[in-house]
Amino acid sequence: MSAQVVLQATLSLLAPARVTLASGEVRLEPKTAAVLAYLALEGSTPKYKLAGMLWPESGEMAARNNMRQLLRRLRTSGADIVTGDDRIELLPAVDVDVKELSYLEAPSLEHLGRDAILLEGLDYDDAPDFGEWLDTTREEFLDLRSRTAEREAVQLEGAGNFKLALEYALLRLKLESLSEEAYRHVAHLQYLQGDTSAALNTLERCRVMLQKEFQTQPLAETRDLLTMVESGTKLPNAAQQPKAATIPVSVLRPPVLAGRDLEWQKWKKPGKRANSFF
């Protein structure tokens, strides 16, 4: 492959799996997509280790032959983006979309919010070792997105940008819908912006989720936040926005959520929590 084509080669692994070249697009069949995904994320790999993962029932010779044929088909398609002999790897100049999910420096809401799944829709029931690797990698990407959203929310809050911090916190909650801490951070930021009703609603949804999923009650930190929101108390150690904002009347005189008072009171009662899930 010429240097010019290599520089224009993009490997897309977030469905549909394909290689985009200056000359056009090459769609990838499942086993080829598996090889390229593994090389993109694991780096240089013994060629026949991959063969054993992808054709475990074929016998060593047949698996090796299948791998050689796969790489030959990839070359003849024009997507000659794998190099090496006993050990193979992607050509360094190939761009890989899944690497955007590393968010190393400046993660964007657009990238973090993408619902794309690695090799989505492809079936590897006949390759359980590869399937296990794929499941683990998908979970790691989800965790990475969540942790990155959390980090950005905390940094933006510290800088006084509560509005954008809330967007990242809401994204984290979407990714970690069973996390009490994620609910609490969203409510915290909503309250900082003066939206008491939204904060109370978020805390109520948190209580309902904990009861439904884990048959437990909120932690003390969550109950303390509820008390402060209801009373209009200033949050301790809260960052300040660059410009002073008028505190809405709803913060000074928080609304009463009719019909929920009994549940709120249960929250506030001190007691030992049986299990901590977060």
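Structure shown above.
Read on for an overview of the structure.

How each quantity is defined
- Residues numbered from 1 in each chain as written.
- Predicted model: local features only at pLDDT ≥ 70, side-chain atom pairs only at ≥ 80, totals over all residues.
- Heavy atoms only, no water.
- Salt bridge = Lys/Arg side-chain N within 4 Å of Asp/Glu carboxyl O.
- Helix = DSSP H or I, 4+ residues; strand = E, 2+ residues; numbered from the N terminus.
- Pairing = 2+ DSSP bridges.
- Contact = heavy atoms within 4.5 Å.
- Axes fitted to C-alpha atoms, helices over the stretch in contact; angles between N-to-C directions.
- Phe/Tyr/Trp six-rings, centres within 6.5 Å; stacked < 30°, edge-to-face > 60°.
- Buried < 20%, exposed > 50% of the residue type's maximum accessible area, 1.4 Å probe, protein only.
- Lys NZ or Arg CZ within 6 Å of the ring centre and 35° of its normal.

Focus on the pattern of salt bridges
Summed over the entire model, instances satisfying the criterion amount to 13 salt bridges. Arg172 is the salt-bridge partner of Glu150, the closest N and O atoms lying 3.8 Å from each other. Of this pair, Glu150 sits in helix H6 (residues 128–158) while Arg172 sits in helix H7 (residues 162–175), and the two are 22 residues apart along the sequence. Linked by salt bridges that have partners in common, Glu150, Arg172, Glu176 and Glu181 make up one network.

Examining the sheet that holds strand E4 (residues 45–46)
With respect to topology, 3 strands assemble into an open sheet ordered E4-E6-E5, the strand pairing being antiparallel. Each of the sheet's edge strands pairs with one partner strand only, and the pair in question is E4 and strand E5 (82–84). In terms of strand pairing, E5 meets strand E6 (residues 87–90) through 3 bridges, oriented antiparallel. Counted as the bridge partner of Val82 is Leu90 from E6. In the packing of helix H2 (residues 30–42) onto the sheet, the strands contacted are E4, E5 and E6, and the crossing angle to E6 comes to about 85°.

Some details on the packing of aromatic side chains
If you walk through the whole model with that rule in mind, you get 3 aromatic pairs. A centroid spacing of 4.9 Å and a plane angle of 45° characterise the contact between Tyr38 and Trp133, whose relative ring orientation is tilted. Taken together, the residues span a long stretch of sequence, with Tyr38 in helix H2 and Trp133 in helix H6 at a distance of 95 residues. Of the two residues examined, Tyr38 and Trp133, each falls in the buried class. Aromatic rings pair up to connect Tyr38, Tyr124, Phe130 and Trp133 into one cluster. Sitting over the ring of Tyr48, Arg64 keeps its end group 4.2 Å from the ring centre.

Comments concerning the sheet that holds strand E2 (residues 18–21)
Picture the strands of a sheet paired through backbone hydrogen bonds; they go either parallel or antiparallel. In spatial order, the strands read E3-E2-E1-E7; together these 4 strands make up an open sheet with mixed pairing. Here the strands that pair on one side only, and so sit at the sheet edges, are strand E3 (24–27) and strand E7 (95–96). Here strand E1 (residues 10–12) pairs with E7 via 2 bridges, running parallel. From the neighbouring strand, Thr10 faces E7, where its bridge partner is Asp95.

Describing unusual backbone geometry
One non-glycine residue, Leu119, lies in positive phi territory at about 50°. Within the fold, Leu119 resides in the loop between helix H5 (109–112) and H6. Using a relative accessible area of 1% as the deciding quantity, one classes Leu119 as buried. A positive phi angle is found at Gln215, which is not glycine, with a value near 50°.

Things to note about the pairing of E2
Side chains Val19 and Leu21 of E2 all project onto a buried face; the interleaved residues Arg18 and Thr20 project onto a face where none is buried. Bridging between E1 and E2 involves 3 bridges; their strand directions are antiparallel. Residue Ser12 lies in a different strand from E2, and its bridge partner there is Arg18. Hairpin geometry of E1 and E2 is characterised by an intervening segment of 5 residues between the two adjacent antiparallel strands and by a positive phi of about 35° at Ala15. Both E2 and E3 contribute to a ladder of 4 bridges, which runs antiparallel. Bridge assignment links Leu21 to a residue of E3, and that residue is Gly24. Once E2 ends, the chain turns through 2 residues before running back antiparallel as E3.

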